[in-house]
Structure formats: C-alpha cells, structure tokens
Amino acid sequence: MDERTRIEIEAAAFRRLRKHLMEDRRDVQNIDLMNLAGFCRNCLSRWYQEAAAERGIALSKEEAREIYYGMPYDEWKARYQTDATPEQQAAFKVAFAENVGKEQG
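Summary of the structure given here. (Residues numbered from 1 in each chain as written. Predicted model: local features only at pLDDT ≥ 70, side-chain atom pairs only at ≥ 80, totals over all residues. Heavy atoms only, no water.)

## Quick notes on the pattern of salt bridges
Using the following cut-off: Salt-bridge detection follows one rule: a side-chain nitrogen of Lys or Arg within 4 Å of a carboxyl oxygen of Asp or Glu. The helix count covers DSSP runs of H or I at least four residues long, the strand count covers runs of E at least two residues long, and both are numbered beginning at the N terminus. Exposure is judged per residue with a 1.4 Å probe applied to protein chains only, and the accessible area is read against the type maximum: over 50% gives exposed, under 20% gives buried, and values in between give partly exposed.
All chains considered together, the criterion is met by 11 salt bridges. Residues Glu3 and Arg6 are paired through a salt bridge, measuring 2.4 Å at the closest nitrogen-oxygen approach. Of this pair, Glu3 and Arg6 both sit in helix H1 (residues 3-24), three residues apart, which is roughly one turn of that helix. Taking relative accessible area as the criterion, Arg6 reaches 30% and is therefore assigned partly exposed. A salt bridge links Arg6 to Glu10; the shortest N-O distance between them is 2.6 Å. Linking Arg6 with Glu10, this pair stays in helix H1, spanning four residues, or about one helical turn. Here the salt bridges share partners, and the residues they tie into one network are Arg16, Lys19, Glu23 and Asp24.

The structure is reproduced here in structure tokens:
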C-alpha cells in the first residue's frame, strides 16, 4: 500500500469513528469513554487541534471542539450530556491522571 492510500484509509477510519461517536452513539457519555478507554470526544478534538498546529494552523480549543462536535461544545453538552454520578467523577479523576495528565506534565 502506498503512503497516500494509507493516509486516505486512516482519514476515512477517523471520519467513521467521529460519525459513530457524534451521530450513532450520542448516548455514550464522554466521562464513560474516558473512564473505560482513556480518551473521549474532547481528546479527539484536542488531537485534531494538535495535528493542525503541527502543520502551522492555529486553532483554539473552542474552534477545534466546534469542528469536531459539529456545533459549539456548550450546545452539544446541553443537548446530549447528562450529569455524572459521584462514582463516574471519581473514576474520571483516575482516568484523566493516567491518560491526559501525564501528557500535560
């Protein structure tokens, strides 16, 4: 497989993952994704922002989230996000420290 084809296939897989998380499974909460998988939709939007920055394209966190979510993040939260339980919040602290906190440290 040539490099261009590999990149196109990877991009198509990313677009399908985005569709799955943003359209097919809106019911799955970010906190559950983070707690189970160590990443969530916000991580994906941050990775998008970082990939743009590597190419000299500056995007704010809010801009990257709007691109990824397809709407302002506050609108997404109002439509689809539910309140986290105390158990979810406790698990999130651990998952964030293990998966995101180490990247920023």
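## Section: the side chain of Asn42
Filter applied, for reference: Throughout, a residue-residue contact means that at least one pair of heavy atoms, one from each residue, lies within 4.5 Å.
If you trace the backbone, Asn42 turns up in helix H3 (residues 41-54). Exposure remark for Asn42: the relative accessible area of 16% places this residue in the buried category. Contact partners of Asn42, with chain neighbours within four places excluded, come to Asn30, Arg65, Tyr69 and Tyr73.

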